[in-house]
Every structure is written in structure tokens, then in C-alpha cells.
Amino acid sequence: MAGQIKFEESTHTKFKVKEPKMYHVIMYNDDFTPMDFVVEILMSVFNKSEAEAFRLMYAIHRGVKAIVGTYVYDIAVTKADEAVKRAREEGYPFRVETEPVEQ
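All of the points below concern the structure found in this document. (Residues numbered from 1 in each chain as written. Predicted model: local features only at pLDDT ≥ 70, side-chain atom pairs only at ≥ 80, totals over all residues. Heavy atoms only, no water.)

## A few points about the environment of T33
- The residue T33 is located in the loop between β1 (22–28) and α1 (35–44) in this model.
- Of the residues examined, T33 reaches a relative accessible area of 11% and is grouped as buried.
- With 58 residues separating them along the chain, T33 and G91 place their C-alpha atoms 8.7 Å apart.
- If near-sequence neighbours (up to four positions away) are discounted, T33 is found in contact with V38, Y92, P93 and F94. (Helix = DSSP H or I, 4+ residues; strand = E, 2+ residues; numbered from the N terminus. Buried < 20%, exposed > 50% of the residue type's maximum accessible area, 1.4 Å probe, protein only. Contact = heavy atoms within 4.5 Å.)

## What to know about helix α3 (residues 73–89)
- In this model, α3 (17 residues) spans 24 Å end to end at C-alpha, consistent with the 24 Å of a helix rising 1.5 Å per residue.
- All buried positions along α3 are accounted for by A76, K79, A80, A83 and A87. For α3, the angular spread of the buried residues around the axis is 95°, confining them to a single face. For α3, exposure combined with an orientation more than 90 degrees from the buried face picks out D74, T78 and E89.
- Contacts from the buried residues of α3 go to β1, α1, β2 (65–72) and β3 (95–100).
- Immediately beyond the C-terminal end of α3, within one or two residues, lies G91, with a positive phi of roughly 85°. (Expected span 1.5 Å × (residues − 1). Arc of directions from axis to C-beta.)

## Quick notes on the packing of α1 against α3
- Remark: α1 packs on α3, axes separated minimally by 11 Å, with the N-to-C direction vectors making an angle of 145°. For the pair α1 and α3, the sense of crossing is right-handed. Note on element contacts: α3 touches α1 through A83, R86 and A87, opposite F37, E40, I41 and S44.
- For the contact of α1 with α3, the per-class residue count stands at four nonpolar, one polar and two charged. (Axes fitted to C-alpha atoms, helices over the stretch in contact; angles between N-to-C directions. Left-handed = near helix turned anticlockwise from the far one by under 90°. Nonpolar A, V, L, I, M, F, W, Y, C, P; charged D, E, K, R; others polar.)

Structure (C-alpha cells):
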């Protein structure tokens, strides 16, 4: 038939979902921030149980640093900033940083 146009629909669309890059939140040991404060931060900011918070606090205390959580970038930075903000409010030099997870 003259004048007819045939359209072909593609029903196959491919999407690649890329997993977001993850970041570690790292707490560093210092000689001024009280252990109880570190435990409180671990429980309230990082949602750790009391037992896990104590385990991490001792790992930080015995070493130089410890990874206290792994999150997507925005969450990692927000949690690190909250921990540092609360430490500064109490006058502690507590150091918390983020770094990308090696892949």
C-alpha cells in the first residue's frame, strides 16, 4: 500500500545502575577526649550498641585510629561533621575524618 509508514518500537532499554562509592568514617585517638564521650558519640551518631561502642572505643584507644562505619559520601560526611561539632561544643579536639573505600 502506498503511503503507509511502518514504525518499529524498541522495547529493550538497558540501564546500568552504578553502585555509589563508599566512604569509611575514621576516628583518631587523642589524649584529651574522654572515653565516655567517644562511646556516647558512637552510640548516638553512629547507632552502635553499647558493646560495639566500647569495643570500637578501645580499638581507637589502643591504636591510632579505627574505622567506625562505612557509608555513601553524604552520610559519611554528615556523621563525621556531627561527631566533630559535638566534640567542639564540649571543648575536645576529637578528630573524625572520611576516606574513600579502596576498591
